[in-house]
Amino acid sequence: MENEERQPVLTGLQPHGPAAPRRRPRTVRRVLIGMTAGGGVLAGVLVLLPVLRPATAPRPAPGSVARAMTAVGAGVPVALPDLKALIGDREAHVRAHPRDGQSWAVLGGAYLEQARRTALPAYYPKAEQALRTSLRVRTQGNVEALDGLAALADARGDFREAKKWGEAAVELAPKRWTTYPLLIDAYRGLGDFKAGRKALDKLTALHTGPAVQAQASRVYWDRGWREDAMAVITDAAAGAGSPAEQAVLMEQTGELAWERGEPEESLRYYRAAVRADPDDHGALAGQGRALAALGRSSEAVRAYRAAIAERPTPRYALELGELYEKLGMDADARTQYDLLRQRVRQESAEGVDDELVLGIFEADHGDPLEAVWRLREAWERHPSMPVADALGWALHRAGEDEEAIKFANRITDKEHGGGVRSALYMYHLGQIELSLDRTGSARRHLSEALLLNPHFSPLLVPQARQALADLGEPPEVGPEELEADEPEEEAPAVGAAGAPAPAPAPAPGTGAGAAPTAGTGRTPSGGATRTPAASSPAAPAQPSAGPTAGSTARHPATH
């Protein structure tokens, strides 16, 4: 694997001459106070900044730049070669027109997308420099730069900063739909599910299409609506307008299929994503995950190594290290764990918050006390469900089970946003309950972990099975002692164009916009009915002890 080459901040791209004095609106004056603060995971598809070319900008030549301009204007992902062409075009343009704030914003958004696609964190400060330059030369009504700074903060994991910039952008342009996906990501990172749902309602009222459906699918998944989330994202993938967009949506679909415990389906989606866009290395890592679950370990290792060679993210290094550990290849596992630490250091130097993945690693493979320290600080910054789950687990590993259960119970506390049906979450909760001799709840949650996804971890699944075997069969109880399951709330319909009831998509590989079938039993697109999700296991009964005020628990897909 090649060493990452640090990308220098573009030089010679500074505005010349003083700007004409302008009166700054109150919103922009307020956000400019925080311009020296750091930026802040880009969850899902990055919406690049829409382009309204100024009169002084040259018309792009046909080809890569034109395609990238069209994709950026539509708010959809950009193919990597086209993105590189766009970056070169805008760099040349701002050299010639250094006071073109619009083009500075577009360049900053393109740098940010480049960082996401290549995992080269040195592009983050380049993006920040371009976006802040845009604000400096165009202080009035520059919602594009505010959007870009919100996206940058999301990508770095600074969700409070993302919320600040996103809400400032909404105040300036409340009907600009591209801001709302950025705010939804920020609210999710802060554990503010109610605000995220309100933002989704506003988004769906303003715009329709695959980008909106991708966000709706994530919100549905967070609420426990697994079937609805899967149906909506397959519809989105079927409606993708370009191979790059299709690949991103296929990767998200594969992620959900994996979380549903369907490695064969997951593998099909991931392979379809790579066929659509060979530069989608996240889908290549997903193939490694699915192949390992299917017992095809050699193929899984090759897929992971290919993904890491091009996009060495900490999460992929952790997953490959755990696979090596499962295979008894301890030296190779240590190599991946060393890579994880190295990547975290590199990304931290560029303003990226990787404390969650590092805390998860330390809890299971390093120093649990260090994991607790790191995750407590992460909790103070963004008290989300993923951080609460990870902190609860780290406390358990450090022997602090009474405090651990307060965070772990968050996953079943719907009042505070609990609802994610995650096998890993359930496993953590069950093991903590077992350590507290709550055998009934432990048996129920460990069983549910294996029902939700019997392949959720190569190292933890055998431990879950062994714990259940040690617990034995539950004692016989009468019907009056059984707790009734709560009915699942029905998800609102978000179709391909905002219409109700998405339709299952065709199998991957059958066409440019094809997506595998969801198998959700939905009515055809445009139908007026929607049935609530019913195939996943019923929600577990609440444990006897809930979280105290201010306490909470990790979305399965981190970084």
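Cut-offs and rules
Residues numbered from 1 in each chain as written. Predicted model: local features only at pLDDT ≥ 70, side-chain atom pairs only at ≥ 80, totals over all residues. Heavy atoms only, no water. Phe/Tyr/Trp six-rings, centres within 6.5 Å; stacked < 30°, edge-to-face > 60°. Helix = DSSP H or I, 4+ residues; strand = E, 2+ residues; numbered from the N terminus. Buried < 20%, exposed > 50% of the residue type's maximum accessible area, 1.4 Å probe, protein only. pLDDT = per-residue confidence, 0-100. Contact = heavy atoms within 4.5 Å. Expected span 1.5 Å × (residues − 1). Arc of directions from axis to C-beta. Core = buried A, V, L, I, M, F, W, Y, C linked by side-chain atoms within 4.5 Å. Salt bridge = Lys/Arg side-chain N within 4 Å of Asp/Glu carboxyl O.

A. Representation of the packing of aromatic side chains within the structure. The full count for this structure, using the stated rule, is 6 aromatic pairs. Aromatic pair Tyr111 and Tyr123: ring centres 6.1 Å apart, planes at 40°, arrangement tilted. Separated by 12 residues along the polypeptide, Tyr111 in helix 4 (residues 101-118) and Tyr123 in helix 5 (residues 123-137) bring together distant segments of the chain. As far as the burial class goes, Tyr111 and Tyr123 line up, both buried. Pairing Tyr337 with Phe361 gives two aromatic rings, centres 5.1 Å apart and planes at 50°, and the pair type is tilted. Remark: Phe361 occurs in helix 18 (residues 355-365) and Tyr337 occurs in helix 17 (residues 330-349); sequence separation between them is 24 residues. For Tyr337, a relative accessible area of 7% corresponds to the buried category. Since its relative accessible area comes to 1%, Phe361 is described here as buried.

B. Spatial organisation of the confidence of the model for the chain. Averaged over the chain, the pLDDT score is 80; the fraction of residues at 70 or greater is 72%. Confidence drops under pLDDT 50 across residues 496-507; counting only partners more than four residues distant or on other chains, this segment forms 49 contacts. Note on residues 509-559: pLDDT under 50 across the span, and 169 contacts to partners over four residues away in sequence or across chains.

C. Representation of helix 15 (residues 297-310) within the structure. Here helix 15 is 14 residues long and its end C-alpha atoms lie 20 Å apart, about the 20 Å a rise of 1.5 Å per residue gives. Considered for burial, the residues of helix 15 that qualify are Ala300, Val301, Ala303, Tyr304, Ala307 and Ile308. All buried residues of helix 15 lie within an arc of 165° about the axis, which places them on one face of the element. In helix 15, the exposed positions angled more than 90 degrees off the buried face are occupied by Ser298, Arg302 and Arg305. Along its buried surface, helix 15 packs onto helix 14 (281-293), helix 16 (314-326) and helix 17.

D. Quick peek at the nonpolar core. Judged by nonpolar contacts, the single largest core of 104 residues is most densely connected at Tyr427 and Phe456. Here this core gets 8 residues from one element, more than from any other, and that element is helix 20 (residues 385-397). Here Tyr427 is in contact with Trp393, Leu446, Ala449, Phe456, Leu460, Gln463 and Ala464, once residues within four sequence places are set aside. Counting 34 residues, the second-largest nonpolar core is a separate cluster that includes Ile87, Trp165, Ala168 and Leu182.

E. Inspection of the environment of Ala408 at higher detail. Note that Ala408 resides in helix 21 (residues 401-408). The exposure class assigned to Ala408 is buried, which follows from its relative accessible area of 4%. When the C-alpha atoms of Ala408 and Ala390 are compared, they prove to be 8.4 Å apart, with 18 residues separating the residues in sequence.

F. Representation of the pattern of salt bridges. Per the stated rule, a full pass over the model turns up 27 salt bridges. For Arg188, the salt bridge is made with Asp185, and the minimal N-O distance between the two is 2.9 Å. Here the residue Arg188 and the residue Asp185 both occupy positions in helix 8 (residues 179-189), the gap between them amounting to 3 residues, near one helical turn. On the basis of relative accessibility, which here comes to 15%, the residue Arg188 falls in the buried class. Residues Arg374 and Glu355 are paired through a salt bridge, measuring 2.8 Å at the closest nitrogen-oxygen approach. One end of the pair, Arg374, is in helix 19 (residues 368-381); the other, Glu355, is in helix 18, with 19 residues separating them in the sequence. Taken together, the salt bridges that share partners define one network made up of Glu255, Arg289, Arg315 and Glu319.

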